[in-house]
Amino acid sequence: MEIKKQLTTAPKTKPADESKLGFGKIFTDHMFLMNYDEGQGWHDARIVPYGPIPMDPSAMCLHYGQADFEGMKAYRTSKGIQLFRPYENAKRLNVSNDRLCIPAIDEEVFVQAVKELVKTDADWVPHNYGTSLYIRPFVFAVDPMLGVHPAKHLIFAIICSPVGAYYAAGLAPVKIYVEQNYVRAVTGGTGFTKAAANYAISLKAQDDASKQGYEQVLWLDGVHRKYIEEVGAMNVMFVVDGEVITPSLDRKSILGGITRKSCIELLRHKGYKVTERDIEIDELVKAYDEGKFDEAFGTGTAAVISPIGELKYGDKVMPLTGGKIGPISQMLYDSLTGIQWGKEPDPFGWIVPVE
Ligand SMILES: *Cc1c(COP(=O)(O)O)cnc(C)c1O
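Residues numbered from 1 in each chain as written. Predicted model: local features only at pLDDT ≥ 70, side-chain atom pairs only at ≥ 80, totals over all residues. Heavy atoms only, no water.

A. Inspection of the pairing of strand β13 (residues 243-247) at higher detail. Judged by how many residues are buried, β13 sits mostly within the fold: four of five residues are covered. Pairing between strand β12 (residues 235-240) and β13: three bridges, direction antiparallel. Looking at the pairing, valine 239 lines up with valine 244 of β13. Connecting β12 to the antiparallel partner β13 that follows it, the hairpin turn spans two residues, and aspartate 241 within it adopts a positive phi of roughly 55°. Following the chain from β13 across helix α6 (residues 258-269) to the adjacent parallel strand β14 (residues 274-277), one finds a crossover that is right-handed. (Buried < 20%, exposed > 50% of the residue type's maximum accessible area, 1.4 Å probe, protein only. Helix = DSSP H or I, 4+ residues; strand = E, 2+ residues; numbered from the N terminus. Pairing = 2+ DSSP bridges. Right-handed = clockwise from strand over helix to strand, strands pointing away.)

Written out as structure tokens, the structure reads:
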């Protein structure tokens, strides 16, 4: 595919202090755009200066939320700039697209677009260990009309943001409570996709949690309100009696994370027992009372591994691992970031260089 390039004539100043990058606050000089128009398919792939995207006030995405996204990272390593399993993102975007009646994007086109944009803004990939270039591909419907119907005109865009080490002071355990008022997803809905709307409906719970001094919520399934699904916008794993357990994706209300999948593959490769199955919240409480609840952690691209230091369910407060990082959480964090940073061998073929 040919990608036309229009380079900026006014490059921005790059952040001087990489320790203050934070997450998703500054953006690189360029973005990728491609249009879909019925009859033409996806066309006009181009890299242009980062800036506003004009659209009609009646554009469908603004009213009905026909929009989805991906999240991935590029790492500056001693072997050059590298991506982590980008074809998984390409595949998953099409899973989301299909559920939202958005026309599929060729996986090769997706990966080529990501590579080309990262190469164009290569100077923006930060250098310090733990920093990375966060890449945000997203699709939104722009038909200028208010009828509710699948769009005939859409835009696929990619923007990039240099981000700091998620935990500036090393892996830090977070406090989580089990959400009992709100649900995130139900079977038959969009929980298995990165539909933009999934995040809008999760804000209220997140807001309540922050007000009570908790970092995130643990979501229960929307039907029985007892099976564990995810933690915030991360997948969740538990170590109970030495075994790693994680909710299965069968109910199709859980997002199939690439970090989740990688953790499962890594753990099995290293000989750990990992089971994907239904997990009832009461089962964890029981395990806790019996002294068998060893560890809990979230998994996702942004944080990689997020150890859970305290879990609260109703009035029951369950501190875990004595405020420290559990051994499996630490091992997964070190192994995954080691592969992403090219400091460890990659026996799985997960790394894709941008060059
Ligand atoms: C993106 C996301 C994850 C994590 O997926 P990764 O591919 O590991 O980044 C988990 N849960 C939800 C709801 C997400 O949006």
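B. Main features of the domain arrangement of the protein. According to the domain assignment, the protein contains domain 1 (4-163) and domain 2 (174-340). Its C-alpha centre places domain 1 at a distance of 27 Å from the equivalent point of domain 2. With 21 residues of domain 1 in contact, the opposing surface of domain 2 contributes 22 residues. Interface area, domain 1 with domain 2, both sides summed: about 1900 Å², of which 59% is carbon and sulfur. Lysine 261 serves as the salt-bridge partner of glutamate 88, at 3.1 Å between the closest nitrogen and oxygen. If you list the elements that add at least two residues to the side of domain 1 that touches domain 2, you get β4 (67-69), β5 (72-77), β6 (80-84) and α2 (86-99). The leading source of residues in the side of domain 1 that touches domain 2 is α2, at six residues. (Domains from an automatic or database assignment. Contact = heavy atoms within 4.5 Å. Buried area = accessible area lost by both parts, 1.4 Å probe. Salt bridge = Lys/Arg side-chain N within 4 Å of Asp/Glu carboxyl O.)

C. Summary view of empty space enclosed by the protein. Per the counting criterion, the structure on display carries two cavities of 30 Å³ or more. Looking at the lining of the largest cavity, the element that brings in the most residues is helix α8 (residues 327-340), giving three residues. Split into classes, the residues belonging to the lining of the largest cavity amount to 11 nonpolar, four polar and one charged. Each of two domains, domain 1 (4-163) and domain 2 (174-340), supplies a minimum of three residues to the lining of the largest cavity. Taken together, Gly71, Met72, Lys73, Tyr75, Phe84, Asn89, Ile258, Thr259, Gly300, Thr301, Val304 and Gln340 make up the full set of residues lining the second largest cavity. Ranked by the residues each element gives to the lining of the second largest cavity, the list is headed by β5, at three residues. Classifying every residue of the lining of the second largest cavity by side-chain character gives five nonpolar, six polar and one charged. (1 Å grid on protein atoms, 1.4 Å probe; cavity = no way out; pocket = protein on both sides within 12 Å on 5 of 7 lines; lining within 4 Å. Points joined across faces, edges and corners; volume = space filled by probe spheres on them. Nonpolar A, V, L, I, M, F, W, Y, C, P; charged D, E, K, R; others polar.)

D. Local environment of the layout of surface pockets. Roughly 830 Å³ of internal volume is contained in the largest pocket. Lining the largest pocket are 36 residues, with Tyr199, Gly232, Ala233, Met234 and Ala302 positioned closest to its centre. Secondary-structure elements contributing two or more residues to the lining of the largest pocket are β7 (132-141), α4 (196-200), α5 (203-211), β10 (216-220), α6 and β15 (293-300). A class-by-class count of the residues in the lining of the largest pocket yields 17 nonpolar, 13 polar and six charged. When residues of the lining of the largest pocket are assigned to domains, at least three fall in each of domain 1 (4-163) and domain 2 (174-340). Considering only enclosed or pocket space, the second largest pocket measures out at about 380 Å³ in volume. For the lining of the second largest pocket, the secondary structure elements donating two or more residues are α2 and α6. With six residues, the top contributor of residues to the lining of the second largest pocket is α6. Looking at the lining of the second largest pocket residue by residue, the class counts come to six nonpolar, two polar and eight charged.

E. Structural context of the packing of α6 against α8. Two elements in contact, α6 and α8, have axes whose closest approach is 11 Å; the angle formed by their N-to-C orientations is 105°. By the angle between their directions, the pair α6 and α8 is classed as roughly perpendicular. On α8, the residues that touch Thr259, Ser262, Cys263, Leu266 and Leu267 of α6 are Ile328, Met331, Leu332, Ser335 and Leu336. For the contact of α6 with α8, the residue count by class is seven nonpolar, three polar and no charged. (Axes fitted to C-alpha atoms, helices over the stretch in contact; angles between N-to-C directions. Parallel < 35°, antiparallel > 145°, perpendicular 65-115°, else oblique.)

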